[in-house]
Amino acid sequence: MYQVFAGNYDRVSCPVAFEIPASQLPAKNVAVRFEGGSTVPAGVEVTGDKARVTFVMDDLLKEESVRFELIPSENCCCGMEARLLDDKVEIYDDGDYVTKYYFGKDLFKPYMGPFFEKYGKQTTRLNFTIKEHPHHRSVWISHGSVNGVDNWNEPADCGLILNQGILDIVNTPVYCQFTSKNLWTKHDGVEKLCDETTTIRFYNTPASMRLVDVKITLTASYGDVVLGETKEAGPIAVRMNDELVVGKTGRFETPFGVNEDEIWMNRAPWCDYTGKAEGHACGIAIFDNTQNDSYPTYWHSRNYGLMAPNNFFKGGARTIKEGESMTWNFRLAFHNGDTKTAKIADRFGDYAFMPLVANRDEDDLEVLWPADPARAKLPPVPADMDTTNWPPMPKWQKDVPEFFKALRELGVTDYPFRRPAPKK
């Protein structure tokens, strides 16, 4: 029996993950059955003797918890599916097309998109004839100064980002994901700059809140790599469809400001760009990961429709030494409704302060935190937290909000610990 705790946030369509010994799986394909009998599908990835279990928590109010168990599932069909074709990976949700990741060599770099809100209206721009920032294609990864080479803009001598292969496609009822291996070069396509490994995961959440996790790693395989001090950087970026920009139907906001005058090159943990696509309120949010370099990020976001985290223009250049890597994690939320009605602040909480999952065995409670290496930076146990004599379970449940609040004040996002069984 397991137990999931909401903590300080109302959890809605919230991915939840935890790791257990593979030997504890009741079957190869499993589902989550909650108290009361309702079930949701689960995705399982087994690595060695460990199994990572992921499910989507449809609705759990803040400060509440619910118990669940893993049960065998006969339904092994994929809710989310990544299909590899010649020059793209197409994403499907229960057979319905969602978007694509395009890596054809007719373009200077790959892109992902276009994206659509739940009524089928396009939310990201993908225009191959437009002359205003033609390199802004839906969602992309690049940087404007890689050892002096411009891999962001597309002048005559721009750098190239060349796909080397698509690896590790995973399709489950809860998510699909794939890894793209790319080579960054000078314009000749021969002189190598660095390697890129990007893993993209699409969750099986409603079309009104489509969640996509992106993990980007740049590796200095061919000598030191200097990521220069430039505003032309992300490393991830989104271009909104023209109908959604400021001056038409759009606006963008962070917890600390609205639109370009208040947001550009100011820091915030998330940014949400919203507007109306043929009358339907919708938007896209980017969530910075708490373990990313220089969190919270500065924002290169513009009234004309660009939104990109950027810690290079104000934060300065970064050098990746030969043989070393630098990694960023982000979550994209493609949603209906404006920032307030979509509860973007709570959705950021789902990402930054994930629900706690515990292995519940009578009075023993072992907390199993999501197995996510990007969140493995742990501070010492706070001096005022005595883990040797935890109170009985009812008080533990009551104290969950205070516990989460204490961790947040310390800047802690993930904290594994064990509550020992009561002394006899």
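Fair warning: this is a prediction, and the values are worked out from it, not measured in the lab.

**Observations concerning the environment of D242**
Structurally, D242 can be placed in the loop between β18 (233-239) and β19 (251-254). Taking the C-alpha atoms as reference points, D242 and Q122, 120 residues apart in sequence, are found 9.8 Å from one another. Residues in contact with D242, not counting those within four places in the same chain, are R125, I130 and K248.

**Notes on helix α2 (residues 344-352)**
Across the nine residues of α2, seven count as buried, placing the element largely inside the fold. Where α2 is concerned, the buried positions are I344, R347, F348, G349, D350, Y351 and A352. Packing partners of the buried residues in α2 comprise β2 (11-21), β16 (209-219), β21 (270-277), β22 (280-288) and β25 (325-336).

**Concerning the sheet that holds strand β6 (residues 50-60)**
Strands pair in a sheet through their backbones, by hydrogen bonds, and they do so in one of two ways: parallel or antiparallel. Judged by pairing direction, the sheet is antiparallel, and its three strands sit side by side in the order β2-β6-β5 without closing on themselves. Each of the sheet's edge strands pairs with one partner strand only, and the pair in question is β2 and β5 (43-47). For this sheet the average axis-to-axis angle between neighbouring strands, irrespective of direction, equals 20°. Inspection of the sheet shows β5 paired to β6 by five bridges, in the antiparallel sense. Looking at the pairing, G43 lines up with T54 of β6.

**Some thoughts on the pairing of strand β7 (residues 65-72)**
Across a regular strand the side chains alternate sides, sitting on one face of the sheet and then on the other. The pairing of strand β1 (residues 2-5) with β7 spans four bridges and is classified as antiparallel. When the sheet's bridge partners are listed, Y2 is paired in β7 with F68. Both strand β3 (residues 30-34) and β7 contribute to a ladder of five bridges, which runs antiparallel. When the bridges of β7 are listed, F34 appears paired with F68.

**Side note on the confidence of the model for the protein chain**
Scored by pLDDT, the protein chain has a mean of 87; 84% of the residues are at 70 or more. Counted against residues more than four places away or in other chains, residues 370-401, with its pLDDT under 50, gives 52 contacts. Across residues 410-424, confidence stays below pLDDT 50; counting only partners more than four residues off in sequence or on other chains, it has 44 contacts.

The rules behind each value
Each chain carries its own residue numbering, running from 1 in the written order of its sequence. Note on the predicted model: pLDDT of at least 70 is required for a residue's local features to be given, and 80 or more for side-chain atom pairs to be given and counted; whole-chain, interface and lining totals, by contrast, use all residues. Calculated side-chain values reflect all of the structure's heavy atoms, with hydrogen atoms and water omitted. Going along the chain from the N terminus, every DSSP run of H or I of four or more residues is numbered as a helix, and every run of E of two or more is numbered as a strand. Whether two residues are in contact is decided by their heavy atoms, any of which lying within 4.5 Å being enough. When a residue's accessible area, from a 1.4 Å probe over protein chains only, is under 20% of the maximum for its type it is buried; when over 50% it is exposed; and in between it is partly exposed. Strands pair, by our definition, only if DSSP identifies at least two bridges between them. Every axis in this analysis is a line fitted to C-alpha atoms, fitted for helices over the stretch in contact. Angles between the N-to-C directions lie between 0 and 180 degrees. How sure the predictor is of each residue is captured by pLDDT, a score from 0 to 100.

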